[in-house]
Structure formats: structure tokens, C-alpha cells
Amino acid sequence: MELFILGVESPYPRRGRATLGYTLMQEGFLLVLETGFGIHRRLAEEGLLDRVEGILLSHLHCDHSADLPAVILGVTVGRGRKEPLPVYLPPGEVARLREWLCACGFAFVLEHTDLRELAYDEPTAIGPFRVTMGRAAHSLPAGIFTFTAAGTKFVYTGDTGDCPPLRAAIPGADLLLAEATPLRPEEAAVKGHLTAPALGEMARAAGVRRLVITHFMPGEEPAALAEKATVAFGAPVTAAEEGLHLVI
Ligand SMILES: [Zn+2]
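Note that the structure is predicted; figures quoted are calculated from it, not measured.

So, on to the overall build of the protein chain. From N to C terminus, the protein chain includes eight helices and 14 strands. By the compact-globule yardstick of 18 Å for 248 residues, the protein chain fits well, its C-alpha radius of gyration being 17 Å. If you line up the protein chain on its principal axes, its C-alpha atoms span 50 × 40 × 30 Å. Every one of the 248 residues in the protein chain was classed for burial, and the buried ones make up 55%. Summarising the internal contacts of the protein chain: among those between residues at least 6 apart in sequence, 59% fall at separations of at least 24. In the structure as shown, the protein chain presents an accessible area of about 10100 Å², 53% of it carried by carbon and sulfur atoms. If you average the places of the 22 positive and of the 30 negative side-chain charges in the protein chain, the two averages end up 1 Å apart.

Structurally, phenylalanine 106 can be placed in the loop between helix H4 (93-103) and strand E6 (113-117). Its relative accessible area of 34% is what places phenylalanine 106 among the partly exposed residues. Setting aside chain neighbours within four positions, we find phenylalanine 106 in contact with Pro69 and Leu101.

Moving on, we get to H4. Glu93, Val94, Leu97 and Leu101 are the residues of H4 that are buried. Projected down its long axis, H4 shows its buried positions confined to an angular sector of 105°, all on one face. Exposed side chains of H4 directed beyond 90 degrees from the buried face belong to Glu99 and Ala103. Structurally, H4 contributes buried residues whose contacts are with helix H3 (68-75), strand E5 (85-89) and E6. Just past H4, the residue glycine 105 takes up positive phi, approximately 75°.

Turning to the state of the cysteines, a few remarks are in order. Going through the model one piece at a time under the given rule, you end up with zero disulfides. Here cysteine 62 is not cross-linked by a disulfide; its sulfur's nearest cysteine counterpart is in cysteine 104, at 9.4 Å.

Bringing unusual backbone geometry into the picture now. Residue proline 11 follows serine 10 across a cis peptide bond; omega there is 0°. Relative to the assigned elements, proline 11 resides in the loop between strand E1 (2-7) and strand E2 (21-26). Of note, the phi angle at histidine 215 is positive, near 70°, even though the residue is not glycine. With respect to the secondary-structure elements, histidine 215 resides in the loop between strand E12 (211-214) and helix H8 (222-233).

Moving on, we come to the coordination of the zinc ion. Around the zinc ion, the protein contributes the donor atoms Asp63 (OD), His64 (NE2), Asp159 (OD) and His215 (NE2), at 2.1 to 2.3 Å from the metal centre. Between the four donor atoms coordinating the zinc ion, the angles at the centre fall across 90 to 170°, so the site counts as irregular. Each donor residue of the zinc ion belongs to the same chain, with the gaps between them written as D-H-x94-D-x55-H. Both residues of the pair, aspartate 63 and histidine 64, count as buried.

The subject of this paragraph is the packing of aromatic side chains. Across all of its chains, the model carries six aromatic pairs by this definition. Ring centres of phenylalanine 145 and phenylalanine 147 lie 6.4 Å apart, and the angle between their planes is 35°; on these two criteria the pair is classed as tilted. Given the relative accessible area of 0%, phenylalanine 145 is considered buried. Every member of this aromatic cluster is reached through a ring pair, and the members are Phe29, Phe129, Phe145, Phe147 and Phe154.

Ranked by size, the top nonpolar core spans 57 residues in total, and within it Leu3, Leu56, Phe147, Phe154 and Ile213 carry the most contacts. Non-local contacts of phenylalanine 154, meaning those with residues more than four positions away in its chain, are made with Met1, Leu3, Leu24, Leu33, Phe145, Thr146, Phe147, Leu175, Leu177 and Ile248.

Parameters and conventions
- Residues numbered from 1 in each chain as written.
- Predicted model: local features only at pLDDT ≥ 70, side-chain atom pairs only at ≥ 80, totals over all residues.
- Heavy atoms only, no water.
- Helix = DSSP H or I, 4+ residues; strand = E, 2+ residues; numbered from the N terminus.
- Rg over C-alpha atoms; globule rule 2.2 N^0.38 Å.
- Buried < 20%, exposed > 50% of the residue type's maximum accessible area, 1.4 Å probe, protein only.
- Contact = heavy atoms within 4.5 Å.
- Areas by Shrake-Rupley, 256 points an atom, 1.4 Å probe, with all protein chains shown as cover.
- Lys, Arg positive; Asp, Glu negative; His and termini not counted.
- Charge placed at Lys NZ, Arg CZ, Asp CG, Glu CD.
- Arc of directions from axis to C-beta.
- Disulfide = S-S within 2.5 Å.
- Donors = N, O, S within 2.8 Å, 3.2 Å for Na, K, Ca; no water.
- Tetrahedral: all angles 85-135°; square planar, octahedral: opposite > 155°, others 65-115°.
- Phe/Tyr/Trp six-rings, centres within 6.5 Å; stacked < 30°, edge-to-face > 60°.
- Core = buried A, V, L, I, M, F, W, Y, C linked by side-chain atoms within 4.5 Å.

Function-wise, these values are silent; they only describe arrangement.
See the structure below:
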């Protein structure tokens, strides 16, 4: 499994940067995780638009989804792909996405899209991946995703506070890509996010092999957050950055 980092910022991109977006590849199958602000540009820059086989969104907050219409059109109309592009969403979010596109005069994007809702705790095959979505603790319907393929386990948290589905998903993960939004613990609990120390402790207790943090807010220093997480995790934690390529 190969993870490539397209964007890491939230809730808006700084100059020349993107918000959330990643690609996950296995056996030549490329799945885009999140399409935040700037992710269409990043996919084009990396020469990846021809290779996209599907998109998975953890939830519909704009830092994770704003470029979705652009990516769908860029991959289909822009690159001559005839088949609609599969887009995977948490339960109930297909209706919300349709409303959004129609309200903005972008209903035609739906002709190029195959919208699919995942069900919580029901494993689904997406290309070579077995994907299980847990229910995240966040302010919109949101998923925590476990991907397995060829004996490897990768977990991506999306945005979530501490919750039983998160603790159930991460044990033994070969790599955990998790948000570490630098809020005070009480604020994190209310808003549905994780702090770097809490995440590090949780990952250590769960036997996670490698921890990568993401979802960096304005004014925060990713390296400082990674250091906080490292202390709690007991092993070096990586701060995600654009262009980082990780073999899991
Ligand atoms: Zn977010």
C-alpha cells in the first residue's frame, strides 16, 4: 500500500498550499481520500488525474470536500474518462451532496458521478481494498476508515474526537494517519477533534506501528505538534506534508 500526501491544512489553505487530500494506492488502483481546497490542482501537478479510480470523503466539511466537483470533472470530462467516477460517502450524505451541487448550479456534475454511501461497520470492497468505516465523533456524519490489503492495515481517522469506534479501529495498524488539531482537551471533545498528546497515548496503547499526524491549523507548527505526539507515542511521529510518499 502506498500513501501520498496532497494537502494537510485546515480550515483554509495558505498561499500555494492545499487543505486535506491524500492518495492511497494498491496494485495500481488509486483512491483519493478527501478533496479539500486545492486538491484538483495538486492532483494535476502530480500527474495523477488519469489514474484516479475513486474518491472517498470522510465527511462533507469544506476543508475535506470543496474541490470535489473540480476533481470529478477533471478526472472524467477533463481526461476523457467515460464511466462515472465512484464517490464514497458516510450514510445520509449523498442527499446533502446532491443538494449542495444542485443549489450551486452544478447538478451536471452528478452525470459524471456514481455516488455510493458506505454503511458503518460493514466491510466493503473498493478496488483491492477491504474498507470498514466506523462512526466518528464529529459535528457532521463522518467516518473513521480501516483499509486492509495484502496483509497490511492502514487507518485514517478523518476528523473525530475520542470515541469507541476509533479505539476499535486502530489496534495493530501498520500506519495510522490521524488528525491532531491543537485544541485544548475540553474543546477537542466538544468539537470532535483529537489533540496530539491524546492521539499519541491512544496509538501507543493500541500498538500502532507508525503514526502520522495531519490537519494543521493556521499558526501551528507541525513539527512542534509531532514532537508532542512523539512524547506520548514513545516513538518518532511524522508530521504529514505535501509531497510525502509513504510505503505502508
Ligand atoms: Zn477538517
